[in-house]
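Structure assessment
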Amino acid sequence: QLPTANCSPSPMPSAESHRATTEMTAEQARQWIQGWKVAGPVMQQMRDERLRQMDETEGAKMLGAGQGFASEAPEANGLAIWQSWMMRLRLQQLTAKVTQPDR
């Protein structure tokens, strides 16, 4: 038999007390929204400026392109290959429609 400690578990917080600590009052919500209305445009300006100052290599690295990104095949992934095939099919359909207008 294991020895028992002389302690009781801490009581679970009630749903009401949890709600009281996680919910905002109407005034807090208004202040939070107002803060983001002010901060949003400032953050967007900072982001835009950072992107303007970035050169192509930095931009490619930021997007996850590795070394030699310019020499990689344009159809390196399945989605690009599928889209290419769908474009070819559409061009064939349009060409057939133009060459046989009575259909």
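Just so it is clear, the structure is predicted and the values come from calculations on it, not from any experiment.

**Some thoughts on helix α2 (residues 26–53)**
End to end, α2 covers 41 Å across 28 residues, agreeing with the expected 40 Å (1.5 Å per residue, within 8%). Within α2, the axis deviates most sharply at Ala39, by approximately 25 degrees, and proline Pro41 lies no more than four positions further along.

**Regarding the confidence of the model for the chain**
Looking at the chain, pLDDT values average 76 and 65% of them are 70 or higher. Across the chain, element-level confidence peaks in α2 with a mean pLDDT of 92 and bottoms out in helix α1 (residues 15–22) with 62. In this model residues 1–8 is a low-confidence stretch, pLDDT under 50, and it forms zero contacts with partners more than four residues away in sequence or in other chains.

**Some points on the pattern of salt bridges**
Tallied over the full model, the rule gives three salt bridges. The partner of Glu27 in a salt bridge is Arg30, with the nearest N and O atoms 2.7 Å apart. With a gap of three residues between them, Glu27 and Arg30 both fall in helix α2, about one helical turn apart. Using a relative accessible area of 39% as the deciding quantity, one classes Glu27 as partly exposed. Owing to a relative accessible area of 47%, Arg30 belongs among the partly exposed residues under this scheme. One salt bridge in this structure joins Arg47 and Asp48, with 3.3 Å as the shortest N-O distance. Residue class for Arg47 comes out partly exposed when judged on its relative accessible area of 43%. Take Asp48: its relative accessible area is 24%, and that puts it in the partly exposed class.

Reading the values: rules and limits
Residues numbered from 1 in each chain as written. Predicted model: local features only at pLDDT ≥ 70, side-chain atom pairs only at ≥ 80, totals over all residues. Heavy atoms only, no water. Helix = DSSP H or I, 4+ residues; strand = E, 2+ residues; numbered from the N terminus. Expected span 1.5 Å × (residues − 1). Bend = angle between axes of the 7 residues up to and from the residue. pLDDT = per-residue confidence, 0-100. Contact = heavy atoms within 4.5 Å. Salt bridge = Lys/Arg side-chain N within 4 Å of Asp/Glu carboxyl O. Buried < 20%, exposed > 50% of the residue type's maximum accessible area, 1.4 Å probe, protein only.

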